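# Structure at a glance
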Amino acid sequence: MGRAHEVRAASMAKTAAAKSKLYGRYGKEIFIAAKNGEPDPDMNLALRAKIKEAKSNQVPADVIKRAIERAKGGENVNYNELRYEGFGPGSVTVIVDCLTDNTNRTYTDVRNAFNKSKGCKIGGSGAVSFGYQRLGVFSFESTMGEEEMFDLLLMEEVDVADIAYDEGYFDVKVNPSDFAKAQEVLEANIEGVQFDACEVSMVADEMVTLTDAEEIAAYNKLMTMLEDCDDVNKVYTNAIIEG
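The residue numbering used here restarts from 1 in each chain and proceeds along that chain's sequence as written. At least 70 in pLDDT is required for a residue's local features to be given in this predicted model, at least 80 for side-chain atom pairs to be given and counted, and no such filter applies to totals for whole chains, interfaces and linings, which use all residues. The side-chain quantities take in all heavy atoms of the structure and omit both hydrogens and water.

### As for the sheet that holds strand β1 (residues 80-87)
- At least two DSSP bridges between two strands are required for those strands to pair. Every helix listed is a DSSP run of H or I at least four residues long, and every strand listed is a run of E at least two residues long, numbered separately from the N terminus. Read from one edge of the open sheet, 4 strands run β3-β1-β2-β9, paired in antiparallel fashion. Edge strands, defined here as strands with exactly one partner in the open sheet, are β3 (121-123) and β9 (232-237). Taking the axes of each pair of neighbouring strands and ignoring which way they run, one obtains an average angle of 30° across the sheet.
- Examined bridge by bridge, β1 and β3 share 3 bridges and lie antiparallel to one another. Its bridge partner lying in β3, Glu85 is registered against Gly123. Between N-to-C directions, angles span 0 to 180 degrees; the directions come from axes that are lines fitted to C-alpha atoms, helices contributing only their stretch in contact.

### Focus on the environment of Pro41
- Within the secondary structure, Pro41 is located in the loop between α1 (3-35) and α2 (45-56).
- A relative accessible area of 26% means that Pro41 is categorised as partly exposed.
- It only takes one pair of heavy atoms within 4.5 Å for two residues to be counted as in contact. The contact partners of Pro41, leaving out residues within four places of it in the chain, are Leu47, Arg48 and Ile51. To sort residues, take the accessible area from a 1.4 Å probe on protein chains only and compare it with the maximum for the residue type: under 20% means buried, over 50% means exposed, and anything in between is partly exposed.

### Here we look at the state of the cysteines
- In this description, the term disulfide denotes a pair of cysteine sulfurs within 2.5 Å. This model, assessed by the stated rule, comprises 0 disulfides.
- In this model Cys98 remains outside any disulfide bridge; the closest cysteine sulfur is found in Cys229, 7.5 Å from its own.
- Of the residues examined, Cys98 reaches a relative accessible area of 2% and is grouped as buried.

### Focus on the packing of aromatic side chains
- For Phe, Tyr and Trp, where Trp contributes only its six-membered ring, two rings pair if their centres lie within 6.5 Å, and the inter-plane angle classes them as stacked under 30 degrees, edge-to-face over 60, or tilted in between. Scanning all chains against the criterion turns up 7 aromatic pairs.
- Seen from their ring centres, Phe138 and Phe195 are 5.6 Å apart, and the 50° between their planes marks the pair as tilted. With a gap of 57 residues between them, Phe138 in strand β4 (residues 132-141) and Phe195 in strand β7 (residues 195-204) connect regions that are remote in the sequence. A single burial state applies to Phe138 and to Phe195, both of which are buried.
- Here Phe140 and Phe195 contribute two aromatic rings whose centre-to-centre distance is 5.9 Å and whose plane-to-plane angle is 85°, an arrangement assigned as edge-to-face. Of this pair, Phe140 sits in strand β4 while Phe195 sits in strand β7, and the two are 55 residues apart along the sequence.
- Judged by its relative accessible area of 9%, Phe195 is buried.
- Put simply, the rings of Phe138, Phe140, Tyr165, Phe170, Phe179 and Phe195 pair up and form one aromatic cluster.
- By definition here, charges over rings are those cases where NZ of Lys or CZ of Arg is within 6 Å of the ring centre and within 35 degrees of the ring normal. The ring of Tyr26 has Arg25 lying over it, and the distance from NZ or CZ to the ring centre is 4.6 Å.
- In this arrangement the basic side chain of Arg70 is found over the ring face of Phe31, its NZ or CZ atom lying 4.4 Å from the centre.

### Remarks on the side chain of Asn233
- By secondary structure assignment, the location of Asn233 is in strand β9.
- Owing to a relative accessible area of 13%, Asn233 belongs among the buried residues under this scheme.
- N or O atoms closer than or at 3.5 Å make up a polar contact, with two conditions inside protein: a donor-capable atom paired with an acceptor-capable one, and, for residues adjacent in sequence, both atoms drawn from side chains. A polar side-chain atom of Asn233 sits 2.6 Å from a polar atom in the side chain of Glu29.
- When residues no more than four places from it in sequence are discounted, the contact partners of Asn233 are Arg25, Glu29, Asp97, Cys98 and Leu99.

### Looking at the pattern of salt bridges
- For salt bridges, the criterion is a side-chain nitrogen of Lys or Arg within 4 Å of an Asp or Glu carboxyl oxygen. All chains considered together, the criterion is met by 12 salt bridges.
- With its nearest N and O atoms 3.3 Å apart, the salt bridge here joins Glu199 to Arg25. Here Glu199 is found in strand β7, whereas its partner Arg25 is found in helix α1, with 174 residues between them in sequence.
- When the shortest N-O distance is used, the salt bridge between Lys118 and Glu214 registers 2.3 Å. Of this pair, Lys118 sits in the loop between α4 (103-115) and β3 while Glu214 sits in helix α7 (residues 213-227); the two residues are 96 residues apart in sequence, bridging distant segments of the chain.
- Accessibility expressed as a relative area gives 61% for Lys118, which makes it exposed.
- Exposure remark for Glu214: the relative accessible area of 45% places this residue in the partly exposed category.
- Several salt bridges share partner residues, and in doing so they unite Arg25, Glu29, Lys50, Glu53 and Glu199 into one network.

### Here's the deal with the sheet that holds β7
- The strand order across the open sheet built from 4 strands is β5-β6-β4-β7, with neighbouring strands paired in antiparallel fashion. The two strands at the open ends of the sheet, each matched to only one other strand, are β5 (160-166) and β7. Across this sheet, the average inter-strand angle for adjacent strands is 20°, counted without regard to direction.
- Bridge count between β4 and strand β6 (residues 169-174): 6 bridges; the pairing is antiparallel. Within β6, the residue paired with Phe140 across the bridge is Phe170.

This is the structure:
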């Protein structure tokens, strides 16, 4: 059917894989939130917040429903939350959060991703996380001004860590304990708001720019291998890629 068809098919397959990974990640997180408390979002604040986050990231309702039903059914699966920290090329730092039912498998997969990527190595607990802050992160467009946005969140008693504004585009960072409140305020006051980012994340204090082609290739290999690990939930880095 020609090269164009092959490129489109590959792109669609990559998009489908990314969606499957996203849905699987939220399925696990919602399952855990429901299992660790009441499987009813009206009675479980953690579950309600996780469902709102999932919906903001276009996770289908049936994925959310299945995860809650699994918890209601008492499915005997215990996911362990693991964090690995390491170093990428060019002084880049990496944090890998995992949800797994097999810790040995997960460690092997994550270690191999670092070992097989040039200039990368896995570190011990706390090796790089001191250089990050845990924050609620929202990215979106709005016709509001920067000062108006700050005043809105301040009036609603949201603890704002930072607001970055550029020609109608906002990056808002808040105390993670105010994540759900901030989301509700933004949705109530910005008609039709669409979030490009809506999650509690690890945000690096300082970024590192990679420009060397060999370092960029090694970094991309590491990210690809980590993304291919089923147990890897989220990956945080301080890398900016140029070139």
